[in-house]
There are 2 protein chains.
Amino acid sequence: MTHPLFEKHQATLEAAVAAIHTRGYWSAYPEMPSPKVYGEDAHDAGKRAVDAVLGKEFPLDQPGRSGWAAPERSPYGVPLAVRYPVCEAQALVEAAGAAQAGWQKLGAQGRVGVCLEMLARLNRASFEIAHAVMLTTGQGWMMAFQAGGPHAQDRGLEAVTYAWDEMRRIPAEAVWEKPQGKNPPLKLKKHFEIVGRGVALVIGCGTFPTWNTYPGLFAALATGNPVIVKPHSNAILPAAITVRILREVLAEQGLDPNLVSLAVAERREVTQALATHPAVKSIDFTGGHTFGQWLIDNARQAQVYAELAGVNNVVVESTDNYKGMLRNLAFTFSLYSGQMCTTTQALIVPAGGIDTDQGHKSFDEVGTDLAAAIDKFLADPNVANAVLGAIQSGDTLRRIDAAPALGQVVRAGTKLANPEFPAAEVRSPTLLACDAGDEASYMEERFGPIAFMVRAADGPAAVALSERLVREHGALTVGLYSTRPEVIDAMTEATLRAGVALSINLTGGVFVNQSAAFSDYHGVGMNPAANASYSDSAFVANRFRVVQRRYHID
Amino acid sequence: MTHPLFEKHQATLEAAVAAIHTRGYWSAYPEMPSPKVYGEDAHDAGKRAVDAVLGKEFPLDQPGRSGWAAPERSPYGVPLAVRYPVCEAQALVEAAGAAQAGWQKLGAQGRVGVCLEMLARLNRASFEIAHAVMLTTGQGWMMAFQAGGPHAQDRGLEAVTYAWDEMRRIPAEAVWEKPQGKNPPLKLKKHFEIVGRGVALVIGCGTFPTWNTYPGLFAALATGNPVIVKPHSNAILPAAITVRILREVLAEQGLDPNLVSLAVAERREVTQALATHPAVKSIDFTGGHTFGQWLIDNARQAQVYAELAGVNNVVVESTDNYKGMLRNLAFTFSLYSGQMCTTTQALIVPAGGIDTDQGHKSFDEVGTDLAAAIDKFLADPNVANAVLGAIQSGDTLRRIDAAPALGQVVRAGTKLANPEFPAAEVRSPTLLACDAGDEASYMEERFGPIAFMVRAADGPAAVALSERLVREHGALTVGLYSTRPEVIDAMTEATLRAGVALSINLTGGVFVNQSAAFSDYHGVGMNPAANASYSDSAFVANRFRVVQRRYHID
């Protein structure tokens, strides 16, 4: 009776269940783009697959097609011109709704088996997806492969695993037998059916079109819901490939492929109509505060899982590894030009400077040394281009250009040439200094390679400012450098109150902006930057209901 | 390291965990008010305890007291005049917030241990609570004891158990060790802390002041949140006794008793201010649609778990046990004069009548026979008074008086005398007949002993009408009488689509309006009558977050 795909992937699922209960290191999908793992031709085949759709109609046979759209512009300057079907929202919602009953009847085991097969297929397509991610987001190749491929798949699997871990504990049926003293017992047979809440809408972002999409997509699917994926209009291709693969798996299984569809909307009103459709019961959103809040305020018929903006910050109070700290921060600020939702924006440093293993360093010295560390890290143009990638949007370019006015320039951002992609806009981090009182400068998200050194009165004031930033403006990540247990304790308490993940004294190969599936709870869901976390039981448990029936038996 | 109270109650918890995973019959607290179980003096001691507070100040030493209020009026006509402290909302919220950190630090095991001790103490006070429930709600004694005592405690324990089952799977810490090929692994220590979302407000109803309050109260407490209990202004005493006992347990444990407090508000604006307080992060509400929807629309800072109104219905299509069916329905309509959120309001019957083991019965015959069954069931005044209880509110009395205008009277409701409580308003069910098209009559909740026989075209039309009622007006319970597998299948599919619990062919000692803890999912949470269920993982998982910190280790 076990579904064949459940059986096929059962070992992976069992290991994943063990991983979410221990949350040590675990991964299902190899993160190294190695020919030994993915095949000798995998890299080229992936590139060919992407090249084959450039300038063409993307093959997705969806209902309600009213036209074609090709809105993407590559940050690397590569002509894309992929034409995607534009489908009527009503047609997609109706088709999704029609596909739900068959998906529900498959049962939790069957759905999870199919989801695991989908993820395995996505893994095999990692190079194709990586090329698509790189071209549309401006990520460097390695990040595009890792974050866009295996890490995103791990996050998808993590969501499926949480869903499974909730659903498997609900019995399909029970005999309820209540003693009645000397009389025969009352006896009922009961059936418990897991039912998805309804159509799920997953709205992607422009920078991580798979990593931030797969958790909601697979959480919704596994719990019995049809999904409409609405990608960012500049990062459609990775989502389109994903949807194509998922529809292929569904069709192979004799299931209705319209269970998963792609919504390409060129105007915000279309997305708004979709988001407020009465049949849409959940929305996963990654993006800016304005539209995220609009969704929360207006899509009242749906449960909204939102990852929004924030002001991630790191308190630098003292360190016993000054060079390691500077190297670590230089990497964090540089990676993908700071275009990560987890990148530090504010470095809060006591005005009197900090104690280090290299002696006391003044506030200005920390700035000078950090600027030098960034320079050094990016000195090799090959490394610089590989790490920085390209600036994803014109808005970010405009923010970079306007940044110097926001503080005292500690390190001026620079424009780098990319020999491979001459049209790419490559920019190194801008580092500014300002006072804690200059709230207008640093107290809002300035997405991109723009960071502030914020001068706080002292260590306790730095910790307090960090807490206030998290509470009032949100943060996905917070860091601390300190050698003093009392400061570490104070920061720990502050982050427990404010509800944000804390990284302490990272000086090696782990960075505050990295979040590992199956171990790090990404986002927490307790401060204004996000109302949900990847992944925990809250991320899945409210996406389905248990509907029961009961009757007497002898 | 195990908390002593966790250890003390571990066997109960383990049995409860097994029960939520199997959902057969299980109960922790004996439902029979037997002297052998509860002690020879338990009944009288409970009554004395209640009598001792009548006309007096209720002993609750809470912060921010601005006065006293005694708004309760007993449906049995017993003078109550218990004076409760009225406390400033801001003071209660602040005190609750201040108590949270210590409660969090106790950890999941400690909190669950304390919650189990609280429930054990409530169980010991079952007679006191039962007297309070009876006097304030108008329930008959046996229902007041069972639903107000052990059944409510079971529902509280069920919520604690779901909370525990979620929390126990989150490791307190982990070592994350990521291989780096030939280099030493990256190694991080991670700590995962379960943090409650913030102050919980639990708003009770006038008819089941403990049964509908304990799930939210204990779900919120166990997951790390302070709780303010705001009872219905006519059913304060059972909540006040509960809060008093919980505060006693907290004080004994050296914990801040302000973790649990009672909010007595005489004006709706005070409750509204409390509900929209920024520190209030969850609201559990049982009551009418108007205020429930107001909460959902306005208390946007909080997660709202709401049980609202609905139009519960039963489709009568055919039966092989006509007498059993009529007896069963007569009991359902009579119990607590239909003042249960689960009582059937609409009986949907094909216009052409139904096939039964007693031959075909016309629509009118079913009505006549059902009226006779109610008469017969209530013929003995002792039984009638014990089952019917008293009418809880003037609004319900007014609805009863107005009911005959809403349809053709099949059975006229009667006023019964209660020798023990001469001032009690005791009323037997009014049964009306109408056409499916008379939507203005039966398509809104008419809380109390008012039921409609709705004439549908045929069986399929009856099933379709039931589904529409659930989808558009909500329902906590739906029933079906049919001997035909295709009708049972159609009704099953309809209830899966609409999201409502179905009882099929109940002809014995189980009734559609009864919902057993640990087995029946009360409310489902998928139709307009409720957005949450007692209890499932969704009822607890979103009440806490996991906040992590990580740092390198060697």
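It should be noted that the structure appears before, not after, this text.
Everything numeric here is computed off the predicted structure, so don't read it as measured data.

Novice: I keep staring at the side chain of Lys 230 of chain B and nothing clicks. Help me out?
Specialist: All names here are of chain B. Along the chain, Lys 230 turns up in strand β6 (residues 227-230). On the basis of relative accessibility, which here comes to 7%, the residue Lys 230 falls in the buried class. Excluding residues that lie within four positions of it along the chain, Lys 230 makes contacts with Leu 201, Val 202, Ile 203, Gly 204, Ala 263, Ala 265 and Thr 271.

Novice: For this particular structure, what's the right way to read unusual backbone geometry?
Specialist: Unusually for a residue other than glycine, Tyr 336 of chain B sits at a positive phi of about 50°. By relative accessible area, Tyr 336 of chain B is classed as buried at 0%.

Novice: Just to check I follow, could you spell out the interface of chain B and chain A for this structure?
Specialist: Interfaces are often described in size by the accessible area the parts lose on coming together. Taken residue by residue, the interface counts 73 residues in chain B and 73 residues in chain A. Of the roughly 5,800 Å² buried at the junction of chain B and chain A (both faces included), carbon and sulfur atoms supply 53%. Of all residues in chain B, the largest losses of buried area upon contact with chain A belong to Tyr 25, Arg 169 and Arg 550 of chain B, amounting jointly to 12% of the total for that side. Counting the contacts that link chain B with chain A gives 14 salt bridges. Between Lys 178 of chain B and Glu 31 of chain A there is a salt bridge, with the nearest N and O atoms lying 2.9 Å from each other. The interface formed by chain B and chain A includes 40 residue pairs in polar contact (both at pLDDT 80 or more). Looking at which element gives the most residues to the side of chain B that touches chain A, the answer is strand β19 (residues 544-552) of chain B, with nine residues.

Novice: What is the right way to look at the pattern of salt bridges in this model?
Specialist: Think of it this way: side chains of opposite charge can pair up when their charged atoms draw near. Residues and elements named next belong to chain B. In this structure the tally under the stated criterion is 68 salt bridges over all chains. Notably, a salt bridge pairs Glu 117 with Arg 121, separated by 2.8 Å at the nearest N-O pair. Separated by four residues within a single helix, Glu 117 and Arg 121 lie in helix α6 (residues 107-124), roughly one turn from each other. Note on accessibility: Glu 117 and Arg 121 belong to one class, buried.

Novice: I would appreciate a short explanation of the relation of the copies chain B and chain A in the present structure.
Specialist: What connects the two chain copies is a rotation about an axis and a shift along it. Mapping chain B onto chain A is achieved by rotating through 180° and translating by 0.0 Å along the same axis, at an RMSD of 0.0 Å. Between the two chains, the operation in question is that of a two-fold axis. Both copies present the same face, since 100% of the interface residues in chain B are matched by interface residues at the equivalent positions in chain A.

Novice: Would you mind going over the environment of Ala 403 of chain A with me for this structure?
Specialist: By secondary structure assignment, the location of Ala 403 of chain A is in the loop between α17 (394-402) and β12 (408-411). For the pair Ala 403 of chain A and Leu 119 of chain A, spaced 284 residues apart in sequence, the C-alpha separation works out to 41 Å.

Novice: Where do I start with the packing of aromatic side chains in this structure?
Specialist: Any pair of aromatic rings gets described here by the distance separating the centres and the angle formed by the planes. Inspection of the entire model under this criterion finds 40 aromatic pairs over all chains. Centre to centre, the rings of Tyr 25 of chain A and Trp 176 of chain B are 5.8 Å apart; their planes meet at 80°, and the pair counts as edge-to-face. Taken together, the positions of Tyr 25 of chain A in the loop between α2 (10-22) and α3 (35-38) and Trp 176 of chain B in strand β3 (residues 173-180) put the pair across two chains. Taking relative accessible area as the criterion, Tyr 25 of chain A reaches 32% and is therefore assigned partly exposed. Here the aromatic rings of Trp 26 of chain B and Phe 518 of chain B are separated by 4.8 Å at their centres, their planes lie at 90°, and the arrangement is edge-to-face. Of the two residues, Trp 26 of chain B is situated in the loop between α2 (10-22) and α3 (35-38) and Phe 518 of chain B in the loop between β18 (501-504) and α21 (537-541); the sequence distance between them amounts to 492 residues. Looking at Trp 26 of chain B, the relative accessible area reads 22%, which means it is partly exposed. Here Phe 518 of chain B falls in the buried class, since its relative accessible area comes to 0%. Members of the aromatic cluster, joined through ring pairs, are Tyr 38, Phe 127, Trp 141 and Phe 145 of chain A.

Novice: Please clarify how the packing of α6 of chain B against helix α11 (residues 237-252) of chain B should be interpreted in this entry.
Specialist: Packed helices, taken two at a time, are described by the angle between their axes plus the distance between the axes. All names here are of chain B. Running from N to C, α6 and α11 point in directions that differ by 135°, and their axes come no closer than 10 Å. By the criterion of interaxial angle, the relationship of α6 to α11 is oblique. The crossing of α6 and α11 is right-handed. Contacts between α6 and α11 involve Val 114, Glu 117, Met 118, Arg 121 and Leu 122 from the former and Thr 242, Ile 245, Leu 246, Val 249, Leu 250 and Glu 252 from the latter. Within the contact of α6 with α11, the residues separate by chemical class into seven nonpolar, one polar and three charged.

Novice: When you look at the sheet that holds strand β3 (residues 173-180) of chain A in this model, what are you seeing that I'm missing?
Specialist: Hydrogen bonds between backbone groups are what pair the strands of a sheet, and the pairing can be parallel or antiparallel. Ordered in space as β3(A)-β4(A)-β19(A)-β18(B)-β17(B)-β10(B)-β11(B)-β16(B)-β15(B)-β12(B), the 10 strands form an open sheet in which the pairing is mixed. Strands with a single pairing partner mark the edges of an open sheet, and in this sheet they are β3 of chain A together with β12 (408-411) of chain B. The average undirected angle you get between the axes of adjacent strands in this sheet is 25°. In this sheet, β18 of chain B lies alongside strand β17 (residues 477-481) of chain B in parallel orientation, the contact comprising four bridges. When the bridges of β18 of chain B are listed, Thr 477 of chain B appears paired with Ala 501 of chain B.

Novice: What exactly am I supposed to notice about the environment of Asp 165 of chain B here?
Specialist: Positionally, Asp 165 of chain B belongs in helix α9 (residues 150-167). Once you skip the residues sitting within four places of it in the chain, Asp 165 of chain B turns out to touch Arg 169 of chain A together with Val 17, Ile 20 and His 21 of chain B.

Novice: What is the right way to read the sheet that holds strand β6 (residues 227-230) of chain A from this model?
Specialist: Residue and element names in this part refer to chain A. Pairing is parallel in the open sheet, where five strands are placed in the order β7-β6-β5-β8-β9. Strands with a single pairing partner mark the edges of an open sheet, and in this sheet they are β7 (260-262) and β9 (303-307). Shown here is a sheet whose adjacent strand axes are inclined to one another by a mean of 15°, direction ignored. By the bridge criterion, five bridges tie strand β5 (residues 199-203) to strand β8 (residues 280-286) in an arrangement that is parallel. Counted as the bridge partner of Ala 200 is Ser 282 from β8.

Novice: Can you walk me through the nonpolar core in this structure?
Specialist: Across soluble globular proteins, nonpolar side chains show a tendency to be buried alongside one another. Judged by nonpolar contacts, the single largest core of 262 residues is most densely connected at Phe 218 and Leu 221 of chain A together with Phe 218 and Leu 221 of chain B. Sequence-distant contacts of Phe 218 of chain A, that is, excluding residues within four places in its chain, are made with Cys 115, Met 118, Leu 119, Leu 122, Gly 156, Ala 159, Val 160 and Leu 246 of chain A.

Novice: Any chance you could explain the side chain of Glu 128 of chain B here in plain terms?
Specialist: Relative to the helices and strands, Glu 128 of chain B is located in helix α7 (residues 126-137). Every residue in contact with Glu 128 of chain B, bar those within four places of it in the chain, is listed here: Gly 46, Ala 49, Val 50, Ile 241 and Arg 244 of chain B.

Novice: How should the packing of α6 of chain B against helix α10 (residues 214-222) of chain B be read in this particular structure?
Specialist: All names here are of chain B. At a minimum axis distance of 9 Å, the contact between α6 and α10 shows a crossing angle of 150°. Taken together, α6 and α10 sit at an angle that is classed as roughly antiparallel. Here Arg 111, Cys 115, Met 118, Leu 119 and Leu 122 of α6 lie close against α10, whose contacting residues are Tyr 214, Phe 218, Leu 221 and Ala 222. Partitioning the contact of α6 with α10 into residue classes produces eight nonpolar, no polar and one charged.

Analysis parameters
- Residues numbered from 1 in each chain as written.
- Chains lettered and ligands numbered in written order.
- Predicted model: local features only at pLDDT ≥ 70, side-chain atom pairs only at ≥ 80, totals over all residues.
- Heavy atoms only, no water.
- Helix = DSSP H or I, 4+ residues; strand = E, 2+ residues; numbered from the N terminus.
- Buried < 20%, exposed > 50% of the residue type's maximum accessible area, 1.4 Å probe, protein only.
- Contact = heavy atoms within 4.5 Å.
- Buried area = accessible area lost by both parts, 1.4 Å probe.
- Salt bridge = Lys/Arg side-chain N within 4 Å of Asp/Glu carboxyl O.
- Polar contact = N/O pair within 3.5 Å; in protein donor to acceptor, adjacent residues only side chain to side chain.
- Least-squares fit on C-alpha atoms with pLDDT ≥ 70 in both.
- Phe/Tyr/Trp six-rings, centres within 6.5 Å; stacked < 30°, edge-to-face > 60°.
- Axes fitted to C-alpha atoms, helices over the stretch in contact; angles between N-to-C directions.
- Parallel < 35°, antiparallel > 145°, perpendicular 65-115°, else oblique.
- Left-handed = near helix turned anticlockwise from the far one by under 90°.
- Nonpolar A, V, L, I, M, F, W, Y, C, P; charged D, E, K, R; others polar.
- Pairing = 2+ DSSP bridges.
- Core = buried A, V, L, I, M, F, W, Y, C linked by side-chain atoms within 4.5 Å.

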